[in-house]
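Structural overview
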Amino acid sequence: MESKKVILLRYGEIFLKGKNRNLFEKKLIENIKKSLTGVNYTFIRTQNRYYIEDYEECLQEEIIDRVTKVFGLHSLSVALKIKTSYDALKEAILQFAPEKGTFRVSTKRADKSLDKNSMQISAMLGGYILSQNSQLSVDLYYPQKEINVDIRENGYSYIFSDKIDCAQGMPVGTAGRGMLLLSGGFDSPVAGYRMARRGMQIYGVHYHSYPHTSEMAQQKVIDLAGKLTKYCGDIKLFVVKFTDIQQAIHEYCREDYMITIMRRIMVEIAEKLAIENKCGALITGESLAQVASQTTRSITVTNDAVKTLPVFRPLIGMDKYEIMDTAEKIDTYAISQLPYEDCCTVFLPKNPVIKPDLQIAIKEQARIKSLDKMIEEAINTVEILDIKCEL
């Protein structure tokens, strides 16, 4: 019997799309192929199915690891591909039968030329398994193992048992671009991950205050962006020199309003960079009531500095444990834990205002001499890093 292992890919949400579904599929296939850069394989697309074939079996785990991170895919299975015939199905299905316990055969028959329907084929194959192993029994409702048989119109059948969950969501690049305010903490990388999961292409902006913050703090953010590329694809990271602005905030503004004003200026700069780079939104890692700058009033005062774009806060209803669990899942936790402080911790006031007043914040910010010029200088001297996808 001629057979070979293939990886069967299933997409998820885009199945619900209407006439423009092909656009989503095209981007998903592009992202899958990009994730497999450097691997030799054949990609097959049939109705509602993708298959990865003709790969070196020693690379199977590597391929699975990469593909499970592609947003838009729901699940995958390692399947055995055979030429469709009843004899071939019987011979192949024994490779998937358990040694003992209960099982069920579930068949999908797209090939209507066969003289048996799906239930009849399942019964035939289940009976054949039982005839070869008396320690087994069939349980149609709660089997210990399910064996799936997918008989396609192309003359081939695919047999598999296990399903591996993929990243799900929507293909990156189908929901526009977003500018992520990326710090070295746990929250912002998770926020970027969650928006990429909804199809948004991620750009990043990071603020550093050298020499108040070390070069290692900046490298920490670059490393975090690198981890995100496994899910988000390549990321363009804008590194903004924030030292002069931060010193001016410390010199001219009320201490309890310093964090509020810093956040306002950060989002103002981020919005300008976002518009220049055709991003349709800002993304932050704010979680309601987690710290003083993330109360309802603080968020309102910060939002006032954004004039055009929406601000997405995908973590707003998550608690710290949920965020850290996700950070572990996407492999950013260990990096975020490194003790290199970013500019948010520079000149940190002892008692930051929890319920800032918008008019006071505007008045305090107006006290900073030549602020517009400093903002312009920060944008003009921004360092742009192209963080390539880690494979």
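Now for a look at the structure at hand. (Residues numbered from 1 in each chain as written. Predicted model: local features only at pLDDT ≥ 70, side-chain atom pairs only at ≥ 80, totals over all residues. Heavy atoms only, no water.)

A cluster of nonpolar side chains, L130, V138, L140, Y141 and Y142, forms an exposed patch at the surface whose accessible area comes to about 610 Å². Note that V138 resides in strand β6 (residues 136–138). Take V138: its relative accessible area is 42%, and that puts it in the partly exposed class. (Patch = residues over 30% accessible without salt bridge, like charges linked within 9 Å, V, L, I, M, F, W, Y side chains within 5 Å. Areas by Shrake-Rupley, 256 points an atom, 1.4 Å probe, with all protein chains shown as cover. Salt bridge = Lys/Arg side-chain N within 4 Å of Asp/Glu carboxyl O. Helix = DSSP H or I, 4+ residues; strand = E, 2+ residues; numbered from the N terminus. Buried < 20%, exposed > 50% of the residue type's maximum accessible area, 1.4 Å probe, protein only.)

Once that is clear, we can look at the packing of helix α8 (residues 258–276) against helix α13 (residues 371–380). Closest axis-to-axis distance for the α8/α13 pair is 11 Å, and the angle between their directions is 50 degrees. As summarised for this structure, α8 and α13 are arranged oblique, according to the angle between their axes. In this structure, α8 meets α13 at a crossing whose hand is right-handed. Contacts between α8 and α13 pair I265, E268, I269, K272, L273 and E276 from the former with L371, I375, A378 and I379 from the latter. Looking at the contact of α8 with α13, its residues break down into seven nonpolar, no polar and three charged. (Axes fitted to C-alpha atoms, helices over the stretch in contact; angles between N-to-C directions. Parallel < 35°, antiparallel > 145°, perpendicular 65-115°, else oblique. Left-handed = near helix turned anticlockwise from the far one by under 90°. Contact = heavy atoms within 4.5 Å. Nonpolar A, V, L, I, M, F, W, Y, C, P; charged D, E, K, R; others polar.)

Along the chain, D150 falls in strand β7 (residues 145–151). Here the side chain of D150 touches R49 through a polar contact of 3.0 Å, side chain to side chain. There is a polar contact of 3.2 Å between the side chain of D150 and the side chain of R152. When sequence neighbours within four positions are dropped, the list of residues in contact with D150 reads R49, Y51, K108, Y156, S157, Y158 and F160. (Polar contact = N/O pair within 3.5 Å; in protein donor to acceptor, adjacent residues only side chain to side chain.)

For strand β11 (residues 201–208), the tally of buried residues reaches seven of eight residues, placing the bulk of the element in the interior. Bridging between strand β10 (residues 177–181) and β11 involves five bridges; their strand directions are parallel. Looking at β11, one finds that R177 is bridged to Q201. Bridge count between β11 and strand β12 (residues 235–241): six bridges; the pairing is parallel. The residue bridging Y207 from the neighbouring strand is V240, located in β12. (Pairing = 2+ DSSP bridges.)

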